[in-house]
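Observations on chain architecture
Here is how the chains run, residue by residue.
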Number of protein chains: 2
Amino acid sequence: MSSKPQTAPQGAKAKTAITPTRDENYGEWYQQVIRGADLAENSAVRGCMVIKPWGYSLWENMQRVLDDMFKATGHQNAYFPLFIPLSFMQKEAAHVEGFAKECAVVTHHRLEAGPDGKLRPTGELEEPLIVRPTSETIIGDAFSRWVQSYRDLPLLINQWANVVRWEMRTRMFLRTAEFLWQEGHTAHATKEEAVEETMRMLEVYATFAEEWMAVPVIRGEKTANERFPGAEQTFCIEAMMQDRKALQAGTSHFLGQNFAKASGIEFLDQNGQHQHAWTTSWGVSTRLIGGLLMTHSDDDGLVLPPKLAPVQVVILPIYRSDEDRARVIEYCRSVANELRAQRYADRPVSVVVDERDERGGDKVWNWIKKGVPVRIEVGPRDLEKDALFVGRRDRAPKDKQSIPRSEFVASIGATLQSIQEGLFERAKAYREQFTKRIDTKEEFYEYFTAPRVPENAPTPIHGGFALTHFSGEAALEERIKAELGVTVRCIPLEKSEPGICPFTGKPSPQRVVWAKAY
Amino acid sequence: MSSKPQTAPQGAKAKTAITPTRDENYGEWYQQVIRGADLAENSAVRGCMVIKPWGYSLWENMQRVLDDMFKATGHQNAYFPLFIPLSFMQKEAAHVEGFAKECAVVTHHRLEAGPDGKLRPTGELEEPLIVRPTSETIIGDAFSRWVQSYRDLPLLINQWANVVRWEMRTRMFLRTAEFLWQEGHTAHATKEEAVEETMRMLEVYATFAEEWMAVPVIRGEKTANERFPGAEQTFCIEAMMQDRKALQAGTSHFLGQNFAKASGIEFLDQNGQHQHAWTTSWGVSTRLIGGLLMTHSDDDGLVLPPKLAPVQVVILPIYRSDEDRARVIEYCRSVANELRAQRYADRPVSVVVDERDERGGDKVWNWIKKGVPVRIEVGPRDLEKDALFVGRRDRAPKDKQSIPRSEFVASIGATLQSIQEGLFERAKAYREQFTKRIDTKEEFYEYFTAPRVPENAPTPIHGGFALTHFSGEAALEERIKAELGVTVRCIPLEKSEPGICPFTGKPSPQRVVWAKAY
């Protein structure tokens, strides 16, 4: 009942809905999966993308789940100005150093026609305003007013917002000049409480990645080189993409008293003494969509984990005559309603009946490329049998089964959960396959330089994640980055045995994760 | 059990939680209600406010309801760039004219230290970028790619976003340089469909205002003077505030083919002919919070309609001894859980038990100022009677009743609905009281100039809304605006009888609404 993908090249090898395949050109494959699923597109504004309805509804689902998790851990949402006065950015030296090279600066507040009739900026501002790249300084200013006494602490705030970082090389979702994110900002009376909060939110992110996105992650701490500008410690979750590169999927920063001192967040403690608060910040962004895409998608396009899919089941009426059309569509609608009465992952099952007058095969491939977990095709014969022809996005497009309607409806929750778990297990097995414990410098260099399969790929694929001992010198890490494009992705929270650093011969407390990264 | 408000001045007149009262100084009363409810505060960035958790949770409730209404009418959310290239703004002449004088312009993309060590903007952009004041042009650009055939229409998109208009005189929620809003943008194959969409969304806004915010509104069309820059027709909902001024609470624009021509939104119709699409746009913003505040609040602070209140019921344990404390709190928690099992307006009743160790009276006044619809006070004696001491925010603070627990719990939905409806009826009666049909020029001028009660108020209050006939000359409307600060708020959709314009003696098809406005 399905037709072959329209976009696949004619030739001897298996046809795929996405051209090129992952093996042929991973970077271009990524762009084409986005295009095939209609997630987003580039805009006329350099480095800024348009998030199209399918991509945005995925983000809405992510927001809803994360927002619930933030509220369940005691946080409240608020909203702070888009603009940050230049003087605020300068309050924390490392912070401004980290962001000064890539920020959008507002300098004027009106447009006027010049003598040539062309509009140009006028009304120069006394102090330039930075479009927020992150909000520690402007939120710190508010916190300095809100926090007076130990009774005002902890202060647990989250903001959903857009931010701008003027990146020179951009890629949709992964690195864009403007992106959407949430940024948590909290203030605490003691160092211990702030550290506890930092770790709590890291764990929230890890749970979200693993249980909702079906993306296995390594929880760890960043080295000083990769730390957030102004933080004392940065913790992260790192995932492996299918080109074996790492993607930093979320970060949680312990900021010590750096920003509290810069912004004047002070309180009177129980003994009547003035103290600076201890602060944290943590964030995830629309980058998660890029990570989700690169973890699960295949050469037929996007693959969505059922828990976050905007549509979990699509029903495709297949008919030739107008007479068939009416009764097939009616049948499909009644199946849809039965499915919507079922629940999965705390919400009713999301079902679409695709009634568009287009070729059945085109419609099937359209939904495959969009990543919908379960497809049902219903033709006149299925209707007579009271059975559904069911395909799963985690299996080959042709691998379809006829299942009695009542059996299918009753087990939809279990089916979706089986897909969800299967995606997680497959991603975890992939990461383990391409993670290697390495104990010599020579093997390390070979692992990251020798091209792997395919031999003639435009971007040769390296080994993957390397677990080596490391004695921690920042300069050594810099040199390896310059030589191989490889960095310490994190020092895992789950500690290994101590050993010897293969680069320096010095003792090392535990293995760290090295990889190329997005 | 309640104590007197702490902020009221000592004196002969009745004490109020907010100083000054509405009669004493309406503008300052507005600021103090925001402060007393902890809704928002001014920030260090000119004209930009910080929306604090209580204000933001009110906005979240508004968003949730509106978003559901938009989706139920077939719209999908998407996200478009924050920045608009200057050349895009110029595509529609009236549009750029309308926004050029108040826009934030990004001209540089990095900061560098000068010889004096101070950071200054560098990396000048080839083309300045405007921080979006509204998104017709950037969304039009995307639509020109998305729309190719009549099959792609209608295109029904909504965006939740921040926008910036560099207003010179700002006031929290009502007029801020940056504000949060939603902007709907749609494209249609025919004029009729676009007009129908424009009116459908106006009705969505009117329903939201009346049924959710409990704010009665007049649905109408704007005169040419008050039209959105670039629109063919602008429709609006107008509400009366307690100073008898009008507040435009939402607008829906029929844009004709103006923006379709400017942005090149073209499609092949069913006859294979190229056509320009017909577009609409419509929006409401955080300004709604200001309107809600000024409609219902009183001299004790914010009054929230139950359907949108972040907390619908607050329970205040009142005790003197530690022994009492434990059993009173336990009782309060069990009442809270019973209430949470009840539903009102499609969600579980939202309940907070205020267990903070503060003076009972302070806590009571704190929640009054926050506008929570129902307050319950529970002391040891109430507990013995198994009864609750209940106050309603739509009644005087001292007007409290003892109600048996089971009776109160069972009727909570009805109680909240009675408050919701009462607020609407009160606001409607107020508007009717201060709306007058006026048929002579003299009476019109007297209505808007003679100070009403109170005689010595810092801002003398004018008459209110005037319904007069009007023959429609733009110049006349301009002159009246210059003389009285009064404008035609709208030409109501609900038509009156035809008559004679009192200003020109010419025929007039119907009465229009004149008022001073925010």
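Residues numbered from 1 in each chain as written. Chains lettered and ligands numbered in written order. Predicted model: local features only at pLDDT ≥ 70, side-chain atom pairs only at ≥ 80, totals over all residues. Heavy atoms only, no water.

**Some remarks on the overall build of chain A**
When helices and strands are tallied, chain A shows 15 helices and 27 strands. Residue burial in chain A is summarised as follows: out of 518 residues, 60% are buried. Long-range pairs, those at least 24 residues apart, make up 69% of the contacts in chain A between residues at least 6 apart in sequence. Across chain A, 66 positive and 71 negative side-chain charges occur, with their mean positions spaced 4 Å apart. (Helix = DSSP H or I, 4+ residues; strand = E, 2+ residues; numbered from the N terminus. Buried < 20%, exposed > 50% of the residue type's maximum accessible area, 1.4 Å probe, protein only. Contact = heavy atoms within 4.5 Å. Lys, Arg positive; Asp, Glu negative; His and termini not counted. Charge placed at Lys NZ, Arg CZ, Asp CG, Glu CD.)

**Concerning the environment of Ala 231 of chain A**
All names here are of chain A. Inspection of the secondary structure assignment puts Ala 231 in the loop between β9 (218–221) and β10 (233–240). Judged by relative accessible area, which is 11%, Ala 231 ranks as buried. Along the sequence, Ala 231 and Phe 254 sit 23 residues apart, while their C-alpha atoms lie 6.0 Å from each other. Apart from residues lying up to four places away in sequence, Ala 231 is in contact with His 253, Phe 254, Leu 255 and Asn 258.

**A look at the packing of aromatic side chains**
All names here are of chain B. By the definition in use, this model includes 42 aromatic pairs over all chains. Pairing Trp 59 with Trp 160 gives two aromatic rings, centres 6.0 Å apart and planes at 80 degrees, and the pair type is edge-to-face. Placement of the pair is Trp 59 in helix α2 (residues 53–72) and Trp 160 in strand β7 (residues 155–164), with a sequence separation of 101 residues. Like Trp 160, Trp 59 is buried. (Phe/Tyr/Trp six-rings, centres within 6.5 Å; stacked < 30°, edge-to-face > 60°.)

**Observations concerning the sheet that holds strand β8 (residues 178–188) of chain B**
All names here are of chain B. The strand order across the open sheet built from 11 strands is β3-β7-β8-β14-β11-β10-β9-β24-β27-β23-β22, with neighbouring strands paired in mixed fashion. The strands lining the two open edges of the sheet, one partner per strand, are β3 (76–77) and β22 (435–437). Of the pairings in the sheet, the one linking β7 to β8 comprises 10 bridges and is antiparallel in character. The residue of β8 that forms the bridge with Trp 160 is Gln 182. (Pairing = 2+ DSSP bridges.)

**Here's the deal with the side chain of Gln 182 of chain B**
Residue and element names in this part refer to chain B. On the secondary structure map, Gln 182 appears in strand β8. Here the side chain of Gln 182 touches Tyr 205 through a polar contact of 2.5 Å, side chain to side chain. Among the polar contacts made by the side chain of Gln 182, one reaches the main-chain amide nitrogen of Val 284 at a distance of 2.9 Å. Beyond its immediate stretch of four places on either side in the chain, Gln 182 contacts Phe 70, Asn 158, Gln 159, Trp 160, Tyr 205, Trp 282, Gly 283 and Val 284. (Polar contact = N/O pair within 3.5 Å; in protein donor to acceptor, adjacent residues only side chain to side chain.)

**Concerning the domain arrangement of chain A**
All names here are of chain A. On domain assignment, one finds that chain A holds domain 1 (33–296), domain 2 (313–415) and domain 3 (435–515). On a C-alpha basis, the centres of domain 1 and domain 3 stand 29 Å from each other. Taken together, the contact between domain 1 and domain 3 spans 20 residues of the former and 21 residues of the latter. Where domain 1 abuts domain 3, roughly 1,600 Å² becomes buried across the two surfaces, and 62% of that area is made up of carbon and sulfur atoms. (Domains from an automatic or database assignment. Buried area = accessible area lost by both parts, 1.4 Å probe.)

**Regarding the interface of chain A and chain B**
With 62 residues of chain A at the contact, the number on the chain B side is 62 residues. For the pair chain A and chain B, the summed buried area comes to about 5,100 Å², and 66% of that belongs to carbon and sulfur atoms. Contact with chain B buries surface across chain A, with Tyr 79, His 109 and Leu 111 of chain A losing the most and accounting together for 13% of the total. Along the contact surface separating chain A from chain B lie four salt bridges. (Salt bridge = Lys/Arg side-chain N within 4 Å of Asp/Glu carboxyl O.)

**Here's the deal with unusual backbone geometry**
The peptide bond linking Thr 19 of chain A to Pro 20 of chain A adopts the cis configuration, its omega dihedral lying at -5 degrees. One can find Pro 20 of chain A in the segment before α1 (26–37). One non-glycine residue, Asp 38 of chain A, lies in the positive phi region at around 60 degrees. Here Asp 386 of chain B, not a glycine, exhibits a phi torsion of approximately 55 degrees, which is positive. By the element assignment, Asp 386 of chain B lies in the loop between α11 (380–385) and β20 (387–392). Among the residues examined, Asp 386 of chain B registers a relative accessible area of 37% and is labelled partly exposed.

**Looking at the pairing of strand β19 (residues 374–378) of chain B**
All names here are of chain B. Counted residue by residue, β19 has five buried out of five residues, so it is predominantly covered. Burial along β19 is two-sided: the face carrying Val 374, Ile 376 and Val 378 and the face carrying Arg 375 and Glu 377 are both buried. Pairing of strand β15 (residues 313–317) with β19, which is carried by five bridges, proceeds in the parallel orientation. Within the sheet, the bridge partner assigned to Ile 315 lies in β19 and is Ile 376.

**Notes on the UniProt feature "domain: Aminoacyl-transfer RNA synthetases class-II family profile" (unreviewed entry) in chain A**
Following the UniProt record, one finds the feature "domain: Aminoacyl-transfer RNA synthetases class-II family profile" (unreviewed entry) at residues 41–305 of chain A. Between the end C-alpha atoms of residues 41–305 of chain A the distance is 22 Å, and the span holds 30% helix and 33% strand. (UniProt positions renumbered as here; feature names shortened; annotations may be inferred.)

**Notes on the relation of the copies chain A and chain B**
One copy of the chain maps onto the second through a rotation about an axis and a displacement along it. Overlay of chain A on chain B (RMSD 0.0 Å): rotation 180 degrees, translation along the axis 0.0 Å. As the rotation angle and translation indicate, the two copies are arranged about a two-fold axis. Taking the C-alpha atom as reference, chain A places Val 106 of chain A closest to the rotation axis, 2.1 Å from it. When the interface residues of chain A are mapped onto chain B, 100% of them again fall at the interface, so both copies present the same face. (Least-squares fit on C-alpha atoms with pLDDT ≥ 70 in both.)

**Brief notes about the pattern of salt bridges**
Two side chains with opposite charge may pair up if their charged atoms get near one another. Per the stated rule, a full pass over the model turns up 72 salt bridges over all chains. A salt bridge links Arg 120 of chain B to Asp 116 of chain B, with the nearest nitrogen and oxygen atoms 2.8 Å apart. The class for Arg 120 of chain B is partly exposed, based on a relative accessible area of 34%. Each of Asp 38, Glu 41 and Lys 52 of chain A together with Asp 141 and Arg 145 of chain B takes part in salt bridges that share partners, so that together they form one network.

**What about the pairing of strand β8 (residues 178–188) of chain A?**
All names here are of chain A. Of all 11 residues that make up β8, 11 are buried, and the element is covered over most of its length. Residue alternation in β8 divides its side chains into two sets, Glu 178, Leu 180, Gln 182, Gly 184, Thr 186 and His 188 and Phe 179, Trp 181, Glu 183, His 185 and Ala 187, and both sets are buried. Relative to strand β14 (residues 278–285), β8 is paired through eight bridges, and the arrangement is antiparallel. Of the residues in β14, the one forming a bridge with Glu 183 is Gly 283.

**As for the packing of helix α2 (residues 53–72) of chain A against helix α6 (residues 191–212) of chain A**
Residue and element names in this part refer to chain A. At a closest axis distance of 11 Å, the pairing of α2 and α6 adopts a crossing angle of 145 degrees. Pair α2 / α6 crosses with right-handed handedness. Facing Met 62, Val 65, Leu 66, Met 69 and Phe 70 of α2, the residues of α6 in contact are Met 201, Val 204, Tyr 205, Thr 207, Phe 208 and Trp 212. (Axes fitted to C-alpha atoms, helices over the stretch in contact; angles between N-to-C directions. Left-handed = near helix turned anticlockwise from the far one by under 90°.)

**Focus on the packing of α1 of chain A against helix α8 (residues 287–296) of chain A**
Residue and element names in this part refer to chain A. Running from N to C, α1 and α8 cross one another at 110 degrees; their axes reach a closest spacing of 11 Å. By the angle between their directions, the pair α1 and α8 is classed as roughly perpendicular. The handedness of the crossing between α1 and α8 is right-handed. In contact with Tyr 26, Trp 29, Tyr 30, Val 33 and Ile 34 of α1, α8 contributes Gly 290, Leu 293 and Met 294. A breakdown of the residues in the contact of α1 with α8 according to their chemical character gives seven nonpolar, one polar and no charged. (Parallel < 35°, antiparallel > 145°, perpendicular 65-115°, else oblique. Nonpolar A, V, L, I, M, F, W, Y, C, P; charged D, E, K, R; others polar.)

**A closer look at helix α10 (residues 360–370) of chain B**
Residue and element names in this part refer to chain B. Among the residues making up α10, those that are buried are Gly 361, Lys 363, Val 364, Trp 365, Trp 367, Ile 368 and Lys 370. Buried-residue contacts for α10 involve α1 (26–37), α2, β15, β18 (351–353) and β19. Gly 371, located one to two residues past α10, shows a positive phi value of around 85 degrees.

**Describing the environment of Met 172 of chain A**
Structurally, Met 172 of chain A is set in the loop between β7 (155–164) and β8. Expressed as a C-alpha distance, the spacing of Met 172 of chain A and Ala 40 of chain A, which sit 132 residues apart in the sequence, is 7.6 Å.

**Side note on the state of the cysteines**
Overall, the coordinates contain zero disulfides over all chains when judged by the stated rule. Unpaired in this structure, Cys 103 of chain A has its nearest cysteine sulfur neighbour in Cys 48 of chain A, at a distance of 14 Å. By relative accessible area, Cys 103 of chain A is classed as buried at 0%. Among the cysteines around Cys 236 of chain B, which has no disulfide bond, Cys 490 of chain B carries the closest sulfur, lying 4.6 Å off. (Disulfide = S-S within 2.5 Å.)

**Section: helix α15 (residues 474–484) of chain B**
Residue and element names in this part refer to chain B. Burial in α15 covers these residues: Leu 476, Glu 477, Ile 480 and Leu 484. Angular distribution of buried residues about the axis of α15 spans 100 degrees; they occupy a single face of the element. Exposed residues lying more than 90 degrees from the buried face of α15 are Ala 475 and Ala 482. Each element contacted by the buried residues of α15 is listed here: α14 (441–449), β24 (487–492) and β27 (511–515). (Arc of directions from axis to C-beta.)

**Examining the side chain of Asp 300 of chain A**
Residue and element names in this part refer to chain A. With respect to the helices, strands and loops of the structure, Asp 300 is situated in the loop between α8 and β15 (313–317). Of the side chains with opposite charge, Arg 393 comes closest to the buried, unpaired Asp 300, at an N-O distance of 5.2 Å. Among the polar contacts listed, one links the side chain of Asp 300 to the backbone nitrogen of Ala 17, at a separation of 2.8 Å.

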